[in-house]
Amino acid sequence: MAKSNSWRQFKAILRKDLVMELRTKEMITSMGLYALLTMVVYQIALAEAGDSFDVRLVMPGLIWVAFIFMSMLGLNRSFVHEKDQGCIDALLLSPVDRPVIFFAKFAGNLLFLMVVELLSLPVFSFLFLQGREGFGNPVWLVGVVLLGASIGISGVGTLLATMTVNTKGKDVMLAVLFVPIMYPLLRAAVGATFAAVIGGPGTVQAFWLYMAWVAGFDVIMVAIAYALYEFVIGV
Amino acid sequence: MKRNPLAEIMLGLGGVLTTAAFFMAFFWAPGTSYPDGRVDFAQKIFYFHVPVAEASFLVFIFTAYYGIRFLMTRERIYDTKARIATEVTLFFVLLTMATGILWTRVEWGVWWQWEPRLTTYFILTLLVIAYFVLRNSVEDEEKRAVYASAFGILAFVDAPISFFITRWLNSIHPIVFGGGESSGLETSMLITFIVAQVGMLMLGYAFYQLRLREEELRERLEALKIEIGD
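In this text the structure is predicted, and so the values were computed from the model without any measurement.

Draft legend 1. Broad picture of the overall build of chain B. Helix and strand counts for chain B stand at seven helices and zero strands. For chain B, the sequential pattern of α-helices and β-strands runs α-α-α-α-α-α-α. Over its C-alpha atoms, taken along the principal directions, chain B stretches across nearly 75 × 35 × 25 Å. By residue count, 37% of the 230 residues in chain B fall in the buried class. Put simply, of all contacts in chain B between residues at least 6 apart along the chain, 76% involve residues at least 24 apart.

See the structure below:
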């Protein structure tokens, strides 16, 4: 009984976020536009590198830079709404378990992040990888990295954004806390993406080694974020 | 508010030991030399760099520990303790960075190298700084304490990573203890190191206790001022 109750509460909060997004389309458009703008900046960054430069070498780094800043934008938006419209107060007043709020917000943020990532990756390939060598390993491996790293980003990001939305600097504060905390995850995500993109002997093994690292980070950090969320959201 | 004689003794003793270790390092412990026979003078920084680095990791444990205590009890003193522990951590972290960079320049020929230990330690530095940036940007006192505790616990995860990473990954940072055949020290070097390390930990303890006492006095003063004002 209690379990099904939590499940209903979870679905209700998630549905609220989805409905709001479907009506305003604010998160997806702002995150997507941000990703596009980042690619324009990449064009500038690579402008003098010449045609012989293999973009695949820096591609894993470039996409994760775009995704990390994009995710901060989305995380911040997701809680600014909650706060400005008094939604978080209403949630706290209603008889919803605090962990349910964490998992619902986590799932919502993960969903939006994955959608924009999956949309912007083909665009990146279209703009930068045409006429280049293809991926060395099956493309679905990149999908595995996206999912693995996005879980960590959204999980820990949900906790940090809940805190920073109440600070003076909001988005700047989120960056200050988020980027160093995320370092181990991002480093492994770039390593795994690189192994998937370049290919060759030993890269599949390297890929799964990096993914083990990503999974370890996800389990430990999301568990800590979950444990701390109850304390953070109440004050 | 009672005086803390132990902290004062530790301060004096720590000062004597670290100074003694300094002289021991130069006049007693044998220097290592390069393959071509030149004396490796830069190695002497080991007796300062490693003790401050170990101290930074150890003191940072208290940030997480008192963070947990605060969240459990909501007693303000634990938040103050966590903050002071982080202050002392920052002090040791900056010393580690400064001495490390000097050694890197001499030994590796560059001021900075993105290798695993240096990278994770740099992240640790950023996290410790971020802790204070976070504190400064929250106005509500309870929120500030809760957020800082939560972030302190989360940030602490990087400390064991940074500590053990030279043993996990291919790192060019030296591993002195338990790192295989080429690691380990001669007895006189080991004794010098232990003196320096013990002295540094005493100093860390003394800094923490004395800063805590100062902070408690300041808070009492603020409370008294408000009382008189009423």
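Draft legend 2. Molecular detail of the overall build of chain A. What chain A contains, in helices and strands, is eight helices and zero strands. Helices (α) and strands (β) of chain A occur, in sequence order from the N terminus, as α-α-α-α-α-α-α-α. Rg of the C-alpha trace for chain A: 19 Å, near the compact-globule value of 18 Å for 235 residues, within the 12% margin. In terms of principal-axis extent, the alpha carbons of chain A reach across some 60 × 35 × 30 Å.

Draft legend 3. Highlighting unusual backbone geometry. Within the chain, K170(A) stands out as a residue other than glycine whose phi angle is a positive 45°. Counting through the fold element by element, K170(A) comes out in the loop between α6 (140-164) and α7 (171-198). A tally of 17 C-beta atoms within 10 Å means that K170(A) is categorised as partly exposed. Even without a glycine there, the phi angle at R74(B) is positive, about 60°. On the basis of neighbour count, R74(B) is assigned to the partly exposed category, with 15 C-beta atoms found within 10 Å.

Draft legend 4. Spatial organisation of the packing of α7(A) against helix α4 (residues 116-136) of chain B. Axis separation between α7(A) and α4(B) bottoms out at 9 Å; the angle between their running directions is 150°. Taken together, the axis directions place α7(A) and α4(B) in an arrangement best described as roughly antiparallel. The element α7(A) and its partner α4(B) pack so that their crossing is left-handed. Taking contact as the criterion, the partners of M173(A), V176(A), L177(A), P180(A) and Y183(A) in α7(A) are, on α4(B), I123(B), L126(B), L127(B), A130(B), V133(B) and L134(B). Broken down by class, the residue content of the contact of α7(A) with α4(B) amounts to eleven nonpolar, no polar and no charged.

Draft legend 5. Geometry of helix α8 (residues 203-234) of chain A. Over its 32 residues, α8(A) runs 46 Å from end to end, which matches the ideal 46 Å to within 8%, given 1.5 Å per residue. Along α8(A), the helix axis deviates most sharply at L228(A), where the bend reaches about 40°. Turning to α8(A), its buried residues number three or more, namely F207(A), Y210(A), M211(A), V214(A), F217(A), D218(A), M221(A), V222(A), A225(A), L228(A), Y229(A) and V232(A). Next to the buried residues of α8(A) lie α5 (98-128), α6 and α7 of chain A together with α5 (141-156) of chain B.

Draft legend 6. Seen up close, the interface of chain A and chain B. On the side of chain B, 20 residues touch chain A, which itself brings 19 residues to the contact. Secondary-structure elements contributing two or more residues to the side of chain A that touches chain B are α7 and α8 of chain A. When residues of the side of chain A that touches chain B are assigned to their parent elements, the largest contribution, seven residues, is made by α7(A). Residue composition of the side of chain A that touches chain B, grouped by class: 15 nonpolar, three polar and one charged.

Draft legend 7. The confidence of the model for chain A, seen in detail. Of all residues in chain A, 99% attain a pLDDT of 70 or more, and the chain-wide mean is 89. No element of chain A has a lower mean pLDDT than helix α4 (residues 87-93) of chain A, which averages 83, and none a higher one than α6(A), which averages 94.

Draft legend 8. Spatial organisation of the nonpolar core. All names here are of chain A. Core analysis: the biggest nonpolar cluster contains 125 residues, and L177, A189 and A192 have the highest contact counts within it. The element best represented in this core is α7, accounting for 18 residues. With sequence-adjacent residues up to four places away left out, A192 is seen in contact with V145, F207, Y210, M211 and V214.

Draft legend 9. Fine view of the packing of helix α3 (residues 59-84) of chain A against α7(A). Residues and elements named next belong to chain A. The contact between α3 and α7 brings their axes to 9 Å, and the two run at 145°. By crossing handedness, the relation of α3 to α7 is classed as right-handed. Every residue of α7 that contacts α3 at M59, P60, G61, I63, W64, I68, M72, L75 and N76 is listed here: D171, L174, A175, F178, M182, L186, A189, V190, T193, F194 and V197. For the contact of α3 with α7, a count of residues per class yields 16 nonpolar, three polar and one charged.

Draft legend 10. Spotlight on the environment of M114(A). Residue and element names in this part refer to chain A. Among the secondary structure elements, M114 is positioned in helix α5. When the C-alpha positions of M114 and L146 are compared, they lie 7.3 Å apart, and in sequence the two are 32 residues distant. Filtering out sequence-adjacent residues up to four positions away, M114 remains in contact with L146, L147 and S150.

Draft legend 11. Molecular detail of α5(B). For α5(B), which comprises 16 residues, the first-to-last C-alpha distance of 22 Å matches the rise-based estimate of 22 Å (1.5 Å per residue) to within 8%. Taking burial as the measure, the 16 residues of α5(B) include 13 buried ones, the bulk of the element.

Draft legend 12. Region of the structure containing the environment of E215(B). All names here are of chain B. Tracing the chain through its elements places E215 in helix α7 (residues 187-229). Of the residues examined, E215 has 16 C-beta atoms within 10 Å and is grouped as partly exposed. For the pair E215 and I161, spaced 54 residues apart in sequence, the C-alpha to C-alpha distance is 31 Å.

Draft legend 13. Just the confidence of the model for chain B, in detail. Residue and element names in this part refer to chain B. Summing up the model confidence of chain B, the mean pLDDT is 89 and the portion of residues at 70 or higher is 96%. Looking at the elements of chain B, mean pLDDT is at its lowest for helix α6 (residues 158-168), recorded as 87, and at its highest for α4, recorded as 95. Scoring the predicted complex yields pTM 0.90 and, for the interface, ipTM 0.89.

Thresholds applied
- Residues numbered from 1 in each chain as written.
- Chains lettered and ligands numbered in written order.
- Predicted model: local features only at pLDDT ≥ 70, side-chain atom pairs only at ≥ 80, totals over all residues.
- Helix = DSSP H or I, 4+ residues; strand = E, 2+ residues; numbered from the N terminus.
- Buried ≥ 20, exposed ≤ 12 C-beta atoms within 10 Å, placed from the backbone.
- Contact = placed C-beta atoms within 7 Å.
- Rg over C-alpha atoms; globule rule 2.2 N^0.38 Å.
- Axes fitted to C-alpha atoms, helices over the stretch in contact; angles between N-to-C directions.
- Parallel < 35°, antiparallel > 145°, perpendicular 65-115°, else oblique.
- Left-handed = near helix turned anticlockwise from the far one by under 90°.
- Nonpolar A, V, L, I, M, F, W, Y, C, P; charged D, E, K, R; others polar.
- Expected span 1.5 Å × (residues − 1).
- Bend = angle between axes of the 7 residues up to and from the residue.
- pLDDT = per-residue confidence, 0-100.
- Core = buried A, V, L, I, M, F, W, Y, C linked by C-beta atoms within 7 Å.

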